[in-house]
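A look at the structure
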Amino acid sequence: MLKIWTIISIRLKEFFKSPGSLVLMFVMPALFSWIFGGIAVNSEQSKPLVNIVLKGDSKVNTEIVKLLKKDDHFEWKMESRSQAEKNVAEQDALAAVVLPADIGERVRVKKPIFDVIVQRKSEDYLALSGFLEGTAALVVQSYQATLQFEDEAFPQVLAAITTSKGVTVEKQMIQKDTNNLVEINLLFVGFAIMFMMFGLSGAASTILDERIGGTWGRMMVSPASKLQISLGYLLAYFCMGWIQLAVLMTTMNLLFSTTWGKLLYFIPFASLVILCVVGFGLMIAGIVKTKQQASAISAVLIVSTCMLGGVYWPIDVVPEVMQKIALAVPQTWAMAGFKEIISGSLHTGTLMKDLAALLGFTILFMFVGFRGIKFE
Amino acid sequence: MSMLTVQDLQKSFGKFEAVKGVSFTVEKGESFGLLGPNGAGKSTMINMITGLYPPTSGEIHMKDIDVIKSPKQAQKWIGVVPQEIALYQSMSARENLRFWGRMYDLSGNSLEKSIDQVLEIIGLTERAKDKVETFSGGMKRRVNIGAAILHKPELLIMDEPTVGIDPQSRNHILETVKRLNSEGMTIIYTSHYMEEVEYLCERIGIVDYGQLIASGTLRELRESIGDHSRIFLTIEKDHLSEEKLTKSLLGFFPEKNFELQDHQVMVFHKEPQLILSDFIQLVTQTGTKITSVNIVEPNLESVFLHLTGRKLRD
Ligand SMILES: Nc1ncnc2c1ncn2[C@@H]1O[C@H](COP(=O)(O)OP(=O)(O)OP(=O)(O)O)[C@@H](O)[C@H]1O
Ligand SMILES: [Mg+2]
């Protein structure tokens, strides 16, 4: 145990003493995130689509639609019921709001005014439902207030509300949880993953230097067992990965007040991703002979797989074929999993699939890595 | 029970046979030297004994432990000074010693005490906090040795530990090793400096082309070549009529115990004083001008030369 810890601590010490790796692991990703994050925050990103289904063509409903469209965080589109259901099922639309034919009846029997069709309860959806509840409350109040007047009064009140500033309060309330924040957070995570891959494969390739430098051989002829040595290196790189991620997460949190979803999910998932990256580094170290070769090969591999795996841009913007090919790189699964966690949708089936895939990659990488690394 | 027994040890790298069936024994408390030129296979033998390379065939036993089957057990008793400096350059001397001490199961107070002692022995107490990369080659060598003796090994294996060190540091190291040996530590020492091996080692194995071509005490080795001294005669080439000289030398030394090379005549002889004047006269008579005469008492160099026909170092 002491030997393992000794190896971990000397690895970490050496690592934090080398300025190159510090730049790679902390400064670069922070810089990239800051620049690209800034751009992303300022640019109009695509808004989540919400479908509206009208059950009847009343004046009241026309006014309600206007009222809903006041929230410009979502893109509102009228659809038929069946089309809307399809859109939601295929995740083309975040949700569909169904407006009833007769609001008065709904109020009388004390049922919710809007029916909502939804697939995943993501953070976007939470923002939407907050807004819908507020709107519904307004509609109900207006209805009750105009009960003793003539029928025309109700839509008139609604129209008045639409033109007044009342709803903007709601908008500010939900501003923090806007949709594109998830994308931006994913961008940060993506950069963290990429630079972690660079950093850790660089760190793992010091094994090659150590072999030439003789410390590796010296360790082999000490009473430390292969298992202890392997665990020492493995855990050391794992720690490096976590330190990097933790620092970046905290920095991004302070800079952009980003959220990372439920930590209960985030931490174990990130741990597996880091382990997978460590495996990747060990694999590179195991198949090449010199550190130069390692850095050349890993640069090519990392950049290309990150492109494929949707680290630089959301994977759904690339052609179908590419998305299929992308399944063969671990980043795809890592990003998909992080998306589930950060968006808050936490769809168990998807998460399980991502976890299983990553676990597979990790085992494969470690296997190749440890077979390639010569213990002599 | 012997400290170390090596039997028919053989190692091939691909088609190349670096060690060709070597056997020897090292007793407890002994200091055993492996002497041989570059590429003879010394390091390869050492690396097999320490468990770094698996041998192609053969057996290695340390006490009653089979080193090939259970290297980790034997490695606890062994201290290794690798030929190349094997240290973490960006760490201080003390940090390096601490790291390697822990690898050998030392910890806490006893480790720190051990480090202090070793720093004293290698004469680097003052520089303990400096990074190894700022050290001179000799200082690095000394840390390299220090890391091997922290855990007070029963068997200390040193692979050319003094390469590239100034004579002063070298003497210091040799004295240290000698003292460790006199305190009971068994030593295996490889070198291509015969003076070092002569000074340090009670028993010596001579290695050439992967084979142990002779072994024994210094005296035994000398006697094996008949305790011959060598007479070196440097001559001037202008006056050299090689044929004539060879002919008269053959007359004088019918057993052909001489060699003629460019400017030099070398003669093996048990009692050089007896023949010296006659020999000089003979050479002069052929019209050859002699510029220097030198008599070398038998040493490991002459043993090696005698056995292989080559010098230990060119
Ligand atoms: N890992 C290896 N792969 C291939 N050949 C090797 C390897 N290690 C050693 N050799 C070869 O084995 C032979 C013996 O090498 P070794 O290092 O044992 O010599 P040595 O006696 O220690 O020499 P030196 O005094 O120069 O250290 C050399 O010809 C060397 O090229
Ligand atoms: Mg050698």
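Residues numbered from 1 in each chain as written. Chains lettered and ligands numbered in written order. Predicted model: local features only at pLDDT ≥ 70, side-chain atom pairs only at ≥ 80, totals over all residues. Heavy atoms only, no water.

Details of the packing of helix H9 (residues 242-252) of chain B against helix H10 (residues 272-285) of chain B
Residue and element names in this part refer to chain B. For the pair H9 and H10, interaxial distance at closest approach is 10 Å and the crossing angle is 155°. For the element pair H9 / H10, the angle class is roughly antiparallel. Of the two possible hands of crossing, H9 and H10 adopt the one that is right-handed. Touching Leu245, Ser248, Leu249 and Phe252 of H9 are Ile275, Asp278, Phe279, Leu282 and Val283, all from H10. Broken down by class, the residue content of the contact of H9 with H10 amounts to seven nonpolar, one polar and one charged. (Axes fitted to C-alpha atoms, helices over the stretch in contact; angles between N-to-C directions. Helix = DSSP H or I, 4+ residues; strand = E, 2+ residues; numbered from the N terminus. Parallel < 35°, antiparallel > 145°, perpendicular 65-115°, else oblique. Left-handed = near helix turned anticlockwise from the far one by under 90°. Contact = heavy atoms within 4.5 Å. Nonpolar A, V, L, I, M, F, W, Y, C, P; charged D, E, K, R; others polar.)

Re the environment of Leu308 of chain A
All names here are of chain A. Along the polypeptide, Leu308 turns up in helix H14 (residues 291-308). Classification of Leu308 by relative accessible area gives partly exposed; the value is 25%. Sequence separation of Leu308 and Leu94 is 214 residues, and the distance between their C-alpha atoms is 25 Å. (Buried < 20%, exposed > 50% of the residue type's maximum accessible area, 1.4 Å probe, protein only.)

With respect to the coordination of the magnesium ion (ligand 2)
Of the protein atoms, only Ser43 of chain B (OG) and Gln83 of chain B (OE1) coordinate the magnesium ion (ligand 2), at distances of 1.8 to 2.1 Å. Of this pair, Ser43 of chain B sits in helix H1 (residues 42-49) while Gln83 of chain B is found in the loop between strand E6 (78-81) and helix H3 (93-103), placing the two residues 40 residues apart along the sequence. (Donors = N, O, S within 2.8 Å, 3.2 Å for Na, K, Ca; no water.)

Quick look at the interface of chain B and chain A
Interfaces are frequently sized by the accessible area removed from exposure as the parts join. Every contact between the two is made by 28 residues of chain B and, on the other side, 24 residues of chain A. Summed over both partners, the interface of chain B with chain A buries about 2400 Å², with 65% contributed by carbon and sulfur atoms. With a closest N to O distance of 3.3 Å, Lys13 of chain A and Glu95 of chain B form a salt bridge. For the interface between chain B and chain A, the tally reads twelve residue pairs in polar contact (both at pLDDT 80 or more). Broken down by secondary-structure element, the contributors of at least two residues to the side of chain B that touches chain A are helix H2 (71-75), E6, H3 and helix H5 (137-149) of chain B. Here the element with the most residues in the side of chain B that touches chain A is H3 of chain B; it accounts for five residues. Class assignment of the residues belonging to the side of chain B that touches chain A gives a composition of 18 nonpolar, five polar and five charged. (Buried area = accessible area lost by both parts, 1.4 Å probe. Salt bridge = Lys/Arg side-chain N within 4 Å of Asp/Glu carboxyl O. Polar contact = N/O pair within 3.5 Å; in protein donor to acceptor, adjacent residues only side chain to side chain.)

What to know about the packing of aromatic side chains
Any pair of aromatic rings gets described here by the distance separating the centres and the angle formed by the planes. Evaluated as defined, the whole model comprises 24 aromatic pairs over all chains. Aromatic pair Tyr143 of chain A and Phe154 of chain A: ring centres 5.4 Å apart, planes at 70°, arrangement edge-to-face. Note that Tyr143 of chain A is positioned in helix H6 (residues 123-145) and Phe154 of chain A in helix H7 (residues 153-163), a separation of eleven residues in sequence. Comparing Tyr143 of chain A with Phe154 of chain A shows no difference in burial state: the two are buried. With a centroid separation of 5.9 Å and an interplanar angle of 45°, the aromatic rings of Phe361 of chain A and Phe365 of chain A are classed as tilted. Of this pair, Phe361 of chain A and Phe365 of chain A both sit in helix H17 (residues 348-372), separated by four residues, roughly a single helical turn. The same class applies to Phe361 of chain A as to Phe365 of chain A, namely buried. Three or more aromatic residues joined by ring pairs make a cluster, and in this case those are Phe32, Phe191, Phe195 and Phe198 of chain A. Directly above the aromatic system of Trp77 of chain B lies the positively charged group of Lys63 of chain B, at a separation of 4.3 Å from the ring centroid. Arg170 of chain B extends its terminal NZ or CZ atom over the ring of Tyr193 of chain B, reaching a point 4.2 Å from the ring centre. (Phe/Tyr/Trp six-rings, centres within 6.5 Å; stacked < 30°, edge-to-face > 60°. Lys NZ or Arg CZ within 6 Å of the ring centre and 35° of its normal.)

Regarding the domain arrangement of chain B
We note that the domain assignment places domain 1 (4-223) and domain 2 (228-297) within chain B. For domain 1 of chain B versus domain 2 of chain B, the distance between C-alpha centres works out to 42 Å. (Domains from an automatic or database assignment.)

Remarks on the pairing of strand E3 (residues 95-99) of chain A
As a general feature of sheets, a regular strand has side chains that alternate between the two faces. All names here are of chain A. In terms of residue burial, E3 counts as a mostly covered element, since five of its five residues are buried. Where burial is concerned, the two faces of E3 agree: the one with Ala95, Val97 and Leu99 and the one with Ala96 and Val98 are both buried. Where strand E1 (residues 49-54) lies against E3, five bridges are found, and the strand directions are parallel. From the neighbouring strand, Leu54 faces E3, where its bridge partner is Leu99. Here E3 pairs with strand E4 (residues 115-118) via four bridges, running antiparallel. Across the sheet, residue Val97 finds its bridge partner in E4, namely Val116. (Pairing = 2+ DSSP bridges.)

Remarks on the environment of Lys374 of chain A
For Lys374 of chain A, the position within the fold is in the segment after H17. With 157 residues separating them along the chain, Lys374 of chain A and Gly217 of chain A place their C-alpha atoms 9.9 Å apart.

Here's the deal with unusual backbone geometry
If you check the backbone angles, Leu346 of chain A has positive phi at about 50° while not being a glycine. Within the element layout of this structure, Leu346 of chain A appears in the loop between helix H16 (330-343) and H17.

A look at the pattern of salt bridges
Per the counting criterion, the structure on display carries 23 salt bridges over all chains. Through salt bridges with shared partners, a single network forms among Arg94, Arg98, Glu112 and Asp116 of chain B.

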